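Observations on the model geometry
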Amino acid sequence: MTRAVIVDAGPLYAYIDADDTHHHRCAELLAGHDGTLIVPQLVITEVCHLVQTRLGTRAELLFLGDLASGAFSVEPVAAADWFRVIELVDTYRDFPLGTVDASVIACAERLGIGDVATLDHRHFRPMRPAHLPQFTLLP
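This text gives an overview of the structure that appears in the document. (Residues numbered from 1 in each chain as written. Predicted model: local features only at pLDDT ≥ 70, side-chain atom pairs only at ≥ 80, totals over all residues. Heavy atoms only, no water.)

Overview of the overall build of the protein chain
Filter applied, for reference: A run of H or I in DSSP counts as a helix once it spans at least four residues, and a run of E counts as a strand once it spans at least two, with each numbered from the N terminus. Here the term buried applies to any residue with accessible area under 20% of the maximum for its type, exposed to any over 50%, and partly exposed to those in between, with areas from a 1.4 Å probe on protein chains only. Contacts are assigned to residue pairs with any non-hydrogen atoms lying within 4.5 Å of each other. Per-residue and other accessible areas were derived by the Shrake-Rupley procedure at a 1.4 Å probe size, with only the shown protein chains allowed to occlude residues. Working convention for charge: Lys and Arg count positive, Asp and Glu count negative, and His plus the chain ends are omitted. Where a charge sits is defined by one atom per residue type, namely NZ (Lys), CZ (Arg), CG (Asp) or CD (Glu).
Looking only at helices and strands, the protein chain features 7 helices and 5 strands. Along the chain direction, N to C, the helices and strands of the protein chain fall in the order β-α-α-β-α-α-β-α-α-β-α-β. Expressed along its principal axes, the backbone C-alpha trace of the protein chain runs to roughly 40 × 35 × 30 Å. The 139 residues of the protein chain split such that 42% are buried. In the protein chain, 60% of the contacts between residues at least 6 apart in sequence involve partners at least 24 apart. On the protein chain, roughly 7300 Å² of surface is accessible, and the fraction owed to carbon and sulfur atoms is 55%. Placing the 10 positive and 18 negative side-chain charges of the protein chain at their respective mean positions leaves the two points 4 Å apart.

Written out as structure tokens, the structure reads:
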């Protein structure tokens with residue numbers, strides 16, 4: 001059984017930027033995963049900002065095309081997620097854990113998903129999600 005994966009901004013950016021040191025393994029993960037790739041809505045804003053400022057409009061349009069084609073399942077922030085985001089940002093204020101990363105955690109918890117595609121191990125490795133002991137970080 002193939003599992004769903006929550007996708008953070010890092011792997012999405014790396015798969016878009018062929019010069020990124022993580023490009024090949026992120027592209028392999030995202031293109032080769034035969035389950036659902038779930039992108040929390042706030043992650044899209046972060047990726048678009050990074051792509052636009054670093055790679056330009058053409059690259060951003062290609063990413064938006066991938067979203068429009070259904071390559072990724074976009075998950076909106078549910079009303080209850082905002083309370084969890086607030087709790088996480090407050091709990092990890094000295095870390096610090098930002099809103100986008102907290103929304104990834106809240107989304108994974110709500111959907112009961114343990115696999116997170118991220119390059120940000122510094123923020124996700126120490127997290128203790130509510131639904132399991134720890135996340136499995138990919139790639």
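Here's the deal with the pattern of salt bridges
Note the cut-off: Salt bridge, as used here, is a side-chain nitrogen of Lys or Arg placed within 4 Å of a carboxyl oxygen of Asp or Glu.
Tallied over the full model, the rule gives 6 salt bridges. Here Arg84 ties to Glu109 by a salt bridge, and the two come within 2.6 Å at their closest N and O atoms. Taken together, the residues Arg84 in helix 5 (residues 79-91) and Glu109 in helix 6 (residues 99-111) connect sequence positions 25 residues apart. An identical accessibility class is assigned to Arg84 and Glu109; each is buried. Three or more residues joined by partner-sharing salt bridges are found here, namely Glu75, Asp81 and Arg110.

Describing the side chain of Ser103
Topologically, Ser103 is positioned in helix 6. The residues contacting Ser103, other than those within four sequence positions of it, are Pro40, Leu42 and Val85.

A look at the environment of Ala130
Following the sequence through the fold, Ala130 ends up in the loop between helix 7 (121-124) and strand 5 (136-138). Once the C-alpha coordinates of Ala130 and Arg110 are considered, the two residues, 20 residues apart in sequence, prove to be 9.3 Å apart. With near-sequence residues (within four places) excluded, Ala130 lies in contact with Arg84 and Glu109.

A short note on the nonpolar core
Our working rule: Side-chain atoms within 4.5 Å link the members of a nonpolar core, which is a set of buried Ala, Val, Leu, Ile, Met, Phe, Trp, Tyr and Cys residues.
Among the nonpolar cores identified, the biggest contains 40 residues, and Ile6, Val7, Leu12, Leu30, Val43 and Phe72 are the most heavily contacted of them. Of all the elements, helix 6 adds the most residues to this core, at 7 residues. Among residues more than four places away in sequence, those in contact with Phe72 are Leu12, Tyr15, Leu30, Leu37, Val39, Asp66 and Leu67.

Re unusual backbone geometry
A cis amide bond links Phe95 with the next residue in sequence, Pro96, at an omega value of -15 degrees. Here Pro96 lies in the loop between helix 5 and helix 6. Residue Leu138 is joined to Pro139 through a cis peptide bond whose omega torsion reads 0 degrees. Residue placement: Pro139 occurs in the segment after strand 5.

Re the side chain of Asp81
Counting through the fold element by element, Asp81 comes out in helix 5. You can call Asp81 buried: its relative accessible area is 6%. With residues up to four places along the chain from it excluded, the contact list for Asp81 reads Pro76, Ala106 and Arg110.

Things to note about the pairing of strand 2 (residues 37-40)
We count it as follows: In this scheme, strands are said to pair when DSSP sees at least two bridges between them.
Burial along strand 2 is two-sided: Leu37 and Val39 facing one way and Ile38 and Pro40 facing the other are all buried. Across 2 bridges, the pairing between strand 1 (residues 5-7) and strand 2 is parallel. Paired with Ile6 across the bridge in strand 2 is Ile38. As paired elements, strand 2 and strand 3 (residues 73-75) share 3 bridges and run parallel to each other. Across the sheet, Val39 pairs through a bridge with Val74, a residue of strand 3.

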